[in-house]
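In case you want the letters, here they are:
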Amino acid sequence: MAEKLKKSVVYSFGVGDLFFGLLATMEAVYFTAFLTDYAKFSLVIVSAILFVTNAGDIICALWAGVILQKTSLKFGGKYRSWLVLGPPIVATLVILMFSKIGGEYIAAAIIIIAFLASHLLWNVVFSATGALVGIITHDADERTMLSSSRAQGMAISAMLFSITGPIMISFFSARTGDIIGFTITTAIFGMLMILGYQYVYRITDVGRPPVSETAKTGNEAASNTLKGIIALVLKNPPLMMLIIADIFRNLSLFMIGSFAFYYFGYVVNRPELLAVFIMANSIAAIIGAFAATWIGVRIGKRHTYWIPLFLSAFILLSASQFDPNAWGLTIIFSLAHIGFTISGAMITALFTDTAVNGEWKTGKNIQAFTMSLLALPIKLGLLIRSGVITIGLISIGFVANTSPTTEVVNGINSIMIYSPAVAAALAAVIFYFGYRIDDEKVLQMQEEIAAR
């Protein structure tokens, strides 16, 4: 029997992702506002920056997988090395994203280059961390707990940022200027990320050979072209179904986050309660992330993914039976958010299992590229969300900054409830019928691979 991981590894594996989440949240919340209101770029320049960076981000996610698959750093292992090498560079580049150096065009070019380079590298680091789940243990329960630890780190980071981020930006901006205030805040979060991943690097030195980082794996990866790697992905149906299902799970979350602004501003006319809604969902995410460890170990990763999604869809639909009410909706959506987080906590472990399935089926190990696809459902979910929001608002006749008609109020209420519910239900159904790998099957495949 393989030696068990130390408790410190299992329960604090998500520390790096916790501090990485601070930088990611900084970008998600403030990047556009920084460009328009603080750096004061023209709207034409802002539109160009956002278009190039959003399109490039999807490409970066795929190329990050190629880099991780084909690169073998020796000093800390194929994956652990990136936890030391990547974060200092990422932190420096993200600082440049929240700066304005030179004239408008030069500053915009610097921000675009820094954005694309940072996202390429942070996708590598994030994917390398995920790949470690399959490297340091083959135990199904430990993989579930490591995956849940990552989700716990990200959930805590969202709560921590809501408490510290705005205060730090306000504090430093008042003393140094708006742009420098953002730069200093980003630098602090970047330093914390570097320290967090340094910690994960140290605790994942488990004192035994990393079985999936052998010379054989590296040679296989090097012999594959990008076309060949993608062909191997297409031969792995559970991986494809997992990606599609998780696109809809992320779409559901993004629709809630985006339409909450319109719901509280135009339906219940209490925009000040949006902060309460966000805080309640952050607390729900932390509860879900910690509950996921207990649930996942007892019923398995597969059931822990689709059952909470199905229940969340049902909970969201129950909101349609009540009159629009800020407090009632906050409670209902927070309960649903627990389910979303429990499901999402299984993602790293599920992707790890699809990598095992792919190697078992094809005889080739592309674990690095497979784990880089963790970010793809997020980016495609964001892309689809933008289209859904635009079409939805146009279809109900929404006009900004005007008193909404009854049709607009009913339309926003319906989109807020039904779009995430339908997306969650689709995610659950697609996963249930398309992903049929359970923990016992993974163990069997690993034993057969080892025996080859």
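Since the structure is predicted, the reported quantities are computational estimates derived from the model, not experimental observations.

Asks: Describe the overall build of the protein, with residues and values.
Replies: Of regular secondary structure, the protein possesses 18 helices and zero strands. Relative to the 2.2 N^0.38 estimate, which gives 22 Å for 452 residues, the radius of gyration of the protein is 22 Å and therefore close to what a compact globule would have. Within the protein, the fraction of its 452 residues that count as buried is 54%. Of all intrachain contacts in the protein linking residues separated by at least 6 positions in sequence, the fraction that spans at least 24 positions is 84%. Distance between charge centres in the protein, computed from 29 positive and 24 negative side chains, equals 6 Å.

Asks: Give a description of the environment of Val-9 that names residues and reports values.
Replies: Structurally, Val-9 can be placed in helix H1 (residues 7-12). Take Val-9: its relative accessible area is 4%, and that puts it in the buried class. Each C-alpha atom, one on Val-9 and one on Ser-149, is 9.6 Å from the other, the two residues being 140 residues apart in sequence. For Val-9, the contacting residues outside a window of four places in its chain are Ile-136, Leu-146 and Ile-203.

Asks: I'd like a description of the nonpolar core, backed by residues and values.
Replies: Formed by 137 residues in total, the largest nonpolar core has its most connected members in Phe-264 and Ile-412. Looking at this core element by element, the count peaks at 17 residues for helix H5 (residues 104-136). Contacts of Phe-264, omitting those with residues within four sequence positions, involve Asn-269, Arg-270, Pro-271, Leu-273, Leu-274, Phe-277, Ala-326, Leu-329 and Thr-330.

Asks: Account for the pattern of salt bridges, naming residues and giving values.
Replies: Summed over the entire model, instances satisfying the criterion amount to eight salt bridges. Here Asp-57 and Lys-379 are joined by a salt bridge, their closest N and O atoms 2.9 Å apart. With Asp-57 in helix H3 (residues 43-70) and Lys-379 in helix H16 (residues 376-395), this residue pair connects regions lying 322 residues apart in the sequence. Since its relative accessible area comes to 11%, Asp-57 is described here as buried. On the basis of relative accessible area, Lys-379 is assigned to the buried category, the value being 10%. Arg-249 is paired through a salt bridge with Asp-246; the nearest N and O atoms lie 2.6 Å apart. Separated by three residues within a single helix, Arg-249 and Asp-246 lie in helix H10 (residues 237-267), roughly one turn from each other. Judged on exposure class, the residue Arg-249 and its partner Asp-246 are both buried.

Asks: Could you give an account of the packing of helix H2 (residues 15-38) against H5, naming the residues involved and the relevant values?
Replies: In contact at an axis separation of 12 Å, H2 and H5 are set at 155° when each is read in the N-to-C sense. Viewed along their axes, H2 and H5 adopt a mutual orientation that is roughly antiparallel. As H2 packs across H5, the resulting crossing turns out to be left-handed. Residue-level contacts link Asp-17, Phe-20, Ala-24, Glu-27, Phe-31 and Leu-35 of H2 to Ile-111, Phe-115, His-119, Trp-122, Phe-126 and Thr-129 of H5. Its residues assigned to classes, the contact of H2 with H5 shows eight nonpolar, two polar and two charged.

Asks: Would you mind going over unusual backbone geometry in detail, with residue names and values included?
Replies: Within the chain, Lys-40 stands out as a residue other than glycine whose phi angle is a positive 60°. Within the secondary structure layout, Lys-40 lies in the loop between H2 and H3. Residue Lys-40 is classed as exposed on the basis of its relative accessible area of 54%.

Asks: Can you break down the packing of helix H6 (residues 140-176) against helix H7 (residues 178-203) residue by residue, with the values?
Replies: For the pair H6 and H7, the least separation of the axes is 7 Å and the interaxial angle reads 135°. Relative to H7, the element H6 is oriented oblique. Seen from above, H6 lies across H7 with right-handed handedness. Across the interface between the two elements, Phe-161, Thr-164, Gly-165, Met-168, Ile-169, Phe-172, Ser-173 and Thr-176 from H6 touch Asp-178, Ile-180, Gly-181, Phe-182, Ile-184, Thr-185, Ile-188 and Phe-189 from H7. The residue inventory of the contact of H6 with H7, partitioned by class, reads nine nonpolar, six polar and one charged.

Asks: Help me get a handle on the packing of aromatic side chains, residues and values and all.
Replies: Inspection of the entire model under this criterion finds 24 aromatic pairs. The interplanar angle of 65° and the centroid separation of 4.9 Å between the aromatic rings of Trp-306 and Tyr-432 together place this pair among those described as edge-to-face. Of the two residues, Trp-306 is situated in helix H12 (residues 301-318) and Tyr-432 in helix H17 (residues 406-434); the sequence distance between them amounts to 126 residues. Grouped by ring-pair contacts, the aromatic residues Tyr-30, Phe-31, Phe-34, Tyr-38, Phe-98, Phe-115, Phe-161, Phe-182 and Phe-189 constitute a single cluster. In this structure, Lys-100 packs its charged tip against the face of Phe-41, placed 4.8 Å from the ring centre. In this structure, Arg-436 packs its charged tip against the face of Tyr-432, placed 5.2 Å from the ring centre.

Asks: Break down the environment of Leu-251 for me, citing the residues and quoting the values.
Replies: Position of Leu-251 among the secondary structure elements: in helix H10. Residue classification places Leu-251 among the buried positions, given a relative accessible area of 8%. A sequence separation of 108 residues divides Leu-251 from Arg-143, and the C-alpha atoms of the two residues are 26 Å apart. Here Leu-251 is in contact with Gly-381, Ile-384, Arg-385 and Ala-423, once residues within four sequence places are set aside.

Asks: So what's going on with a nonpolar patch on the surface? Residues and values would help.
Replies: Together, Ile-163, Met-279, Ile-283 and Ile-287 make up a nonpolar patch on the protein surface, roughly 340 Å² of accessible area in all. A total of three residues in the nonpolar patch trace back to one element, the largest contributor, which is helix H11 (residues 274-299). You can see Ile-163 is positioned in helix H6.

Asks: Outline the side chain of Glu-142, listing residues and values.
Replies: Following the sequence through the fold, Glu-142 ends up in helix H6. Buried charge Glu-142 goes without a salt bridge, the closest partner of opposite sign being Lys-4 at 4.6 Å.

Asks: Please give an account of the confidence of the model for the protein that cites residues and values.
Replies: Across the protein, pLDDT averages 87, with 95% of residues at or above 70. Note on residues 209-223: pLDDT is under 50 here. Beyond four places in sequence and across chains, it has 21 contacts.

Asks: Explain the side chain of Asp-57 residue by residue, including any values.
Replies: A polar contact of 2.9 Å, which involves the side chain of Asp-57, links it to the side chain of Lys-379. Asp-57 has contacts with Phe-115, Leu-116, His-119, Asn-123 and Lys-379, leaving out every residue within four places of it along the chain.

Procedures and definitions
Residues numbered from 1 in each chain as written. Predicted model: local features only at pLDDT ≥ 70, side-chain atom pairs only at ≥ 80, totals over all residues. Heavy atoms only, no water. Helix = DSSP H or I, 4+ residues; strand = E, 2+ residues; numbered from the N terminus. Rg over C-alpha atoms; globule rule 2.2 N^0.38 Å. Buried < 20%, exposed > 50% of the residue type's maximum accessible area, 1.4 Å probe, protein only. Contact = heavy atoms within 4.5 Å. Lys, Arg positive; Asp, Glu negative; His and termini not counted. Charge placed at Lys NZ, Arg CZ, Asp CG, Glu CD. Core = buried A, V, L, I, M, F, W, Y, C linked by side-chain atoms within 4.5 Å. Salt bridge = Lys/Arg side-chain N within 4 Å of Asp/Glu carboxyl O. Axes fitted to C-alpha atoms, helices over the stretch in contact; angles between N-to-C directions. Parallel < 35°, antiparallel > 145°, perpendicular 65-115°, else oblique. Left-handed = near helix turned anticlockwise from the far one by under 90°. Nonpolar A, V, L, I, M, F, W, Y, C, P; charged D, E, K, R; others polar. Phe/Tyr/Trp six-rings, centres within 6.5 Å; stacked < 30°, edge-to-face > 60°. Lys NZ or Arg CZ within 6 Å of the ring centre and 35° of its normal. Patch = residues over 30% accessible without salt bridge, like charges linked within 9 Å, V, L, I, M, F, W, Y side chains within 5 Å. Areas by Shrake-Rupley, 256 points an atom, 1.4 Å probe, with all protein chains shown as cover. pLDDT = per-residue confidence, 0-100. Polar contact = N/O pair within 3.5 Å; in protein donor to acceptor, adjacent residues only side chain to side chain.

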